[in-house]
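# Coordinates in review
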Amino acid sequence: ISATPGNGQASVAWTPSMGATSYNLYYGTVTPLTTTNGTRVTGATSPHTVIGLTNGTQYYFAVAAVNGAGESPLSNELSAVASGRVL
């Protein structure tokens, strides 16, 4: 998982997982990031741009693979600060 910060946003990318049919992206300002305290983006595709972030604020991102068996545990979380720069 990687995150590239921008002006009020971050572009998050990840490597596909074998067997996954979709992905849920989670983000938030609290660490450790969990499925309970993070904001979920259902059916996200890589790369995904998260908009509406506050510049200068640290955000944490993680991805979960989804298939017929359910949702996987979250990936390792990654942090980025929305920077006020244009991507």
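Residues numbered from 1 in each chain as written. Predicted model: local features only at pLDDT ≥ 70, side-chain atom pairs only at ≥ 80, totals over all residues. Heavy atoms only, no water.

## Topic: the overall build of the chain
Which entries qualify depends on this criterion: Think of it this way: any DSSP run of H or I at least four residues long counts as a helix, any run of E at least two long counts as a strand, and we number them from the N terminus. In this setup the radius of gyration rests on C-alpha atoms only. A globule is expected at 2.2 Å times the number of residues raised to 0.38.
Scanning the chain from N- to C-terminus turns up zero helices and eight strands. Ordered by position in the sequence, the α and β elements of the chain form the string β-β-β-β-β-β-β-β. Its C-alpha atoms give the chain a radius of gyration of 12 Å, within 12% of the compact-globule value 12 Å for 87 residues. Expressed as lengths along the three principal axes of its C-alpha atoms, the size of the chain is roughly 40 × 25 × 20 Å.

## A word on the sheet that holds strand β2 (residues 9-13)
Here is the rule: The pairing criterion for strands is at least two bridges between them, as found by DSSP. Here an axis means a line fitted to C-alpha atoms, over the contact stretch when the element is a helix, while the angle between two N-to-C directions is reported on a 0 to 180 degree scale.
Reading across from one edge, β1-β2-β5 is the order of the three strands in this open sheet, with antiparallel pairing throughout. For this open sheet the edge positions go to β1 (2-6) and β5 (48-51), each flanked by a neighbour on one side alone. Recorded for the sheet is a direction-independent mean angle of 20° between the axes of neighbouring strands. The pairing of β1 with β2 spans five bridges and is classified as antiparallel. Bridge pairing in β2 places Ala3 opposite Val12.

## Quick look at unusual backbone geometry
Following Thr31, the chain continues into Pro32 via a peptide bond in cis, with omega recorded as 0°. Secondary-structure assignment places Pro32 in the loop between β3 (22-28) and β4 (39-42).

## With respect to the environment of Tyr26
This is how it is decided: Any two residues whose heavy atoms approach within 4.5 Å at even a single point are treated as in contact. For this analysis, a polar contact is any N or O atom pair within 3.5 Å, provided that within protein one partner can donate a hydrogen and the other can accept it, and provided that sequence-adjacent residues contribute only side-chain to side-chain pairs.
Positionally, Tyr26 belongs in strand β3. Considered as a pair, Tyr26 and Leu78 are 52 residues apart in the sequence and their alpha carbons are 11 Å apart. The contact partners of Tyr26, leaving out residues within four places of it in the chain, are Leu33, Thr34, Thr35, Gly38, Thr39, Arg40, Tyr60, Phe61, Ala62, Ala64, Glu71 and Leu74. Engagement of the side chain of Tyr26 in a polar contact is seen with the side chain of Glu71, the distance being 2.8 Å.

## Some remarks on the environment of Thr42
Note the cut-off: Each residue is assigned to one of three classes by its accessible area relative to the maximum for its type, calculated with a 1.4 Å probe on protein chains only: buried under 20%, partly exposed between the two thresholds, exposed over 50%.
The residue Thr42 is located in strand β4 in this model. Using a relative accessible area of 56% as the deciding quantity, one classes Thr42 as exposed. Residues Thr42 and Ser79, 37 residues apart in the sequence, show an inter-C-alpha distance of 20 Å. Those residues in contact with Thr42, other than ones at most four positions away along the chain, are Tyr23 and Asn24.

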